[in-house]
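A structural walkthrough
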Amino acid sequence: SIRSSLQKSSSTAAGRRSYSSESAPERKVAILGAAGGIGQPLSLLMKLNPLVSSLSLYDIAGTPGVAADVSHINTRSEVVGYMGDENLGKALEGADVVIIPAGVPRKPGMTRDDLFNINAGIVKGLCTAITKYCPHALVNMISNPVNSTVPIASEVFKKAGTYDEKRLFGVTTLDVVRAKTFYAGKAKVPVAGVNVPVVGGHAGITILPLFSQATPQANNLSDEEIVALTKRTQDGGTEVVEAKAGKGSATLSMAYAGAIFADACLKGLNGVPDVVECSFVQSNVTELPFFASKVRLGKNGVEEVLGLGALNDYEKQGLEALLPELKSSIEKGIAFANKS
Ligand code: NAD
Ligand code: LMR
C-alpha cells in the first residue's frame, strides 16, 4: 500500500541519518534574553528545531508572553518561560545548550566595545548562574562585545572550577552568513552552495573573511572586489545598525545565525559526524588565547579546532593587523572578570 511504502521509505531515510527526530535524544536548550530583539525570533527558530525536546526561555521581563505564544506551535519541544533572577536556576537546570543574547545592542556611532560596561556585568551574572545550575552545558555567547564576553565567561567558569574550553563558544556565525551572502551576490553563484570561512574575532577588522578559501572558487572577482567584500563583511553589523537608525542592531539575521550554530552544537552532541562551523573559541591557532576559526563539533563540544589553512598575502596582512585589537579586547574581558 501507499502507506506501508511511505513508512518504509521514511524509516530507511531515518536509518541513513542514524536517528529520526522522534528518537533523537532529549535535549534542553535555554535562551537567556529570550524576550529581546534576537531572543524572540531565535526562540521561534529553536521551537522549529526537532532536535530540541525542552525549550527554556529566560529574560528579566516579557518571557511569559513569548513562551505562551511560541508554545502553541505544534513541534516537538515543551516550552517554559522564566522571568526574573529568582527563576534563572530553574531556567538553566539540565540545559544541554545555553544561548546568550542578553544585553544591550548598539546605536549608530557606537562600537561594540561601547557596550562593554553594561553587557560585561550581565554576562558575568548569567555565567555565574551557569556554573551552579548547568556547568556542563555548551554555552553559545551572542552578547557583545563577543571578543571580551567570551573571555569573561571563561574566567567566571575558571574561578568556579567548572571551565571546560570545549564547551564555550563565541557565536560568529553571522559573519559567515554575511560573507556567504555578499560573496554569492558578487560572484553570481547560487548562494545555497557557497561556503566562506571567517576567522579572528567579531568586531570590525578582527572579522577576517577568507575569500581565497571560498567555495565554489570564483575567478571573476578582482582584488578590488575582494577588498570591498572583506570590508562589507567587517562592517555588516554597522550597516544594519545605521539602517535601523537607533532601533538596535541585527536581530533577524542574528537569530538565523544563532539557530544554525545551536543546531550544529546539538548535532555534535548527538554524534552526527563532520559538523564544522566557525566559532570564537579557546585556541592555539595564533598566539592569542581565543580566536575564531573552523571548529569540528562533537559529543563534548569542540572536538577539534581546525587551523587557518593557506592565506593569501592580503589575508596575511589582515591577520597581522587584527591581532593587537583582538588581544586587547580579550585582556579587557579577563581583567574585568578578575577585578570585580
Ligand atoms: P535587545 O535589547 O532587543 O534584547 C536584549 C534582551 O536582553 C532584552 O529582552 C533584555 O530584557 C534582556 N536582558 C537584559 N539583561 C538581562 C539579564 N541580566 N538576564 C537576561 N536577560 C537580560 O537586544 P538584541 O538586539 O537582542 O541584542 C542582544 C545582544 O546581542 C547585544 O549585545 C548585541 O550587540 C548582540 N548581538 C550579537 C551578534 C553577534 O553576531 N554575536 C549579532 C547581533 C547582536
Ligand atoms: C552584528 O554583527 O550585527 C552584531 O555584532 C551587532 C552589532 O553591533 O553590529
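Residues numbered from 1 in each chain as written. Chains lettered and ligands numbered in written order. Predicted model: local features only at pLDDT ≥ 70, side-chain atom pairs only at ≥ 80, totals over all residues. Heavy atoms only, no water.

Here's the deal with the site of ligand 1
Definition in use: The criterion for a residue being near a molecule or strand is simple. One of its heavy atoms has to lie within 4 Å of it. Under this definition, polar contacts are N or O atom pairs within 3.5 Å; protein pairs additionally need one hydrogen-donor-capable and one acceptor-capable atom, and for neighbouring residues in sequence, both atoms have to be side-chain atoms. For this classification, Asp, Glu, Lys and Arg are treated as charged, while Ala, Val, Leu, Ile, Met, Phe, Trp, Tyr, Cys and Pro are nonpolar and the rest, including Gly, are polar.
In the vicinity of ligand 1 lie 28 residues, with G37, I38, D59, V104 and N144 positioned nearest. At 2.9 Å, a backbone N or O of V104 approaches an oxygen atom of ligand 1. Looking at side-chain class alone, the shell around ligand 1 contains 17 nonpolar, 10 polar and one charged residues.

A word on the packing of aromatic side chains
Put simply, the test is: Note on ring pairs: Phe, Tyr and Trp rings are taken, using the six-membered ring of Trp, and paired if centres are within 6.5 Å. Classes follow the plane angle, with under 30 degrees stacked, over 60 edge-to-face and the rest tilted. The secondary structure listing takes helices from DSSP runs of H or I that are at least 4 residues long and strands from runs of E that are at least 2 residues long, numbered from the N terminus. We call a residue buried when its accessible area falls under 20% of the maximum for its residue type, exposed when it is over 50%, and partly exposed in between, using a 1.4 Å probe and counting protein chains only. By the criterion adopted, a ring carries a charge over it if an Arg CZ or a Lys NZ lies within 6 Å of its centre and within 35 degrees of its normal.
Enumeration over the complete set of coordinates arrives at four aromatic pairs. Pairing F116 with F336 gives two aromatic rings, centres 5.6 Å apart and planes at 90 degrees, and the pair type is edge-to-face. Taken as a pair, F116 in helix α5 (residues 116-133) and F336 in helix α11 (residues 313-339) lie far apart in primary sequence, 220 residues in all. Looking at F336, the relative accessible area reads 15%, which means it is buried. With 5.7 Å between their ring centres and 10 degrees between their planes, Y183 and F211 make a pair best called stacked. Of this pair, Y183 sits in helix α7 (residues 173-187) while F211 sits in the loop between β8 (207-209) and α8 (223-234); the two residues are 28 residues apart in sequence, bridging distant segments of the chain. The pair formed by Y183 and F211 is uniform in burial state, with each residue classed as buried. The ring of F336 is capped by K124, whose NZ or CZ atom sits 5.9 Å from the centre of that ring. Sitting over the face of the ring of F182, R232 holds its NZ or CZ atom 3.9 Å from the ring centroid.

Examining the environment of P151
What counts, and what does not: The contact rule is simple, with two residues in contact once any of their heavy atoms fall within 4.5 Å.
Checked against the element boundaries, P151 lands in helix α6 (residues 146-160). A C-alpha to C-alpha distance of 9.5 Å links P151 and L168, two positions 17 residues apart in sequence. P151 has contacts with V146, F280, F290, I330 and I334, leaving out every residue within four places of it along the chain.

Looking at the site of ligand 2
Quick reminder of the rule: Surface accessibility follows the Shrake-Rupley procedure with a 1.4 Å probe radius. Residue values consider only the protein chains on display as shielding.
As a structural note, the neighbourhood of ligand 2 is formed by R106, R112, N144, L174, R178, H202, G237, S249 and A250. At a separation of 2.6 Å, an oxygen atom of ligand 2 approaches a polar side-chain atom of R106. Burial of ligand 2 by the surrounding chains reaches 95%, relative to a free accessible area of 260 Å².

What to know about the pattern of salt bridges
For clarity, the threshold we go by: A pairing counts as a salt bridge when a side-chain nitrogen of Lys or Arg comes within 4 Å of a carboxyl oxygen of Asp or Glu.
The final tally for this structure, using the stated rule, is 12 salt bridges. A salt bridge links E239 to R232; its shortest N-O distance comes to 3.0 Å. In this structure E239 comes out as partly exposed when scored by relative accessible area, which is 39%. A salt bridge links K327 to E331; its shortest N-O distance comes to 3.1 Å. Residue K327 and its partner E331 are located together in helix α11, separated by four residues, close to a single helical turn. Taking relative accessible area as the criterion, K327 reaches 42% and is therefore assigned partly exposed.

A word on the pairing of strand β2 (residues 54-59)
To be explicit about the condition: Here the rule is simple: two strands pair whenever DSSP picks up at least two bridges between them. By the criterion used throughout, a crossover qualifies as right-handed when its path from the first strand across the helix to the second strand runs clockwise, the strands pointing away from the viewer.
Most of β2 is tucked away: five of the six residues are buried. In this sheet, β2 lies alongside strand β1 (residues 28-32) in parallel orientation, the contact comprising five bridges. Among the inter-strand pairings, V29 is bridged to a residue of β2, identified as L55. A crossover links β1 with its parallel partner β2, the connecting element being helix α2 (residues 39-47), and its sense is right-handed.

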